[in-house]
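If you want the building blocks of each chain, they are given just below.
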Amino acid sequence: MKKPSIVYAPLGTRGFDPIRTDRCLECDSSDIAVGEARGWTEGNRVIEELPVECRSCGASYKLRYIGILDEGRRVATIVDVLSPEGEELGWLGVC
Ligand SMILES: [Zn+2]
């Protein structure tokens with residue numbers, strides 16, 4: 001699955017702000033190590049989890065991309081943030 005490097009997070013009344021997924025979510029460093037992706041399919045959703053570790057501040061988390069398919073075509077991708085243990089930390093955005 002092609003992964004977007006920018007997602008748009010809903011921020012209440014401020015509209016949508018772009019977030020760089022190729023930078024650390026904690027300290028904005030681009031010095032991150034991306035681990036091996038794990039992917040699977042659930043019905044019309046293609047799910048991929050990507051472990052990320054920041055070499056700069058030591059933060060580690062997982063990005064979960066959920067591609068929504070309509071008749072085999074990707075119509076949207078939702079990006080969630082998870083702890084390294086798989087605990088959901090929140091919704092990062094859509095693209
Ligand atoms: Zn960092």
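Above this note sits the structure.
Let me begin by describing the structure that accompanies this report.

Criteria and thresholds
- Residues numbered from 1 in each chain as written.
- Predicted model: local features only at pLDDT ≥ 70, side-chain atom pairs only at ≥ 80, totals over all residues.
- Helix = DSSP H or I, 4+ residues; strand = E, 2+ residues; numbered from the N terminus.
- Buried ≥ 20, exposed ≤ 12 C-beta atoms within 10 Å, placed from the backbone.
- Contact = placed C-beta atoms within 7 Å.

### Re the overall build of the protein chain
(1) Moving on: A tally of regular secondary structure across the protein chain gives zero helices and eight strands.
(2) Moving on: Mapped from its N terminus to its C terminus, the protein chain presents α and β elements in the order β-β-β-β-β-β-β-β.
(3) Moving on: Looking at the protein chain residue by residue over its 95 residues, the buried ones come to 13%.
(4) Moving on: Excluding contacts between residues fewer than 6 apart, the proportion of contacts in the protein chain whose partners are at least 24 apart in sequence is 34%.

### Here's the deal with unusual backbone geometry
(1) Moving on: The backbone phi angle of Asp-28 is positive, close to 70°, even though this residue is not glycine.
(2) Moving on: Looking at where Asp-28 falls in the secondary structure, it is placed in the loop between strand E2 (16–20) and strand E3 (32–34).
(3) Moving on: Here Glu-71, not a glycine, exhibits a phi torsion of approximately 50°, which is positive.
(4) Moving on: Within the secondary structure layout, Glu-71 lies in the loop between strand E6 (60–70) and strand E7 (73–82).

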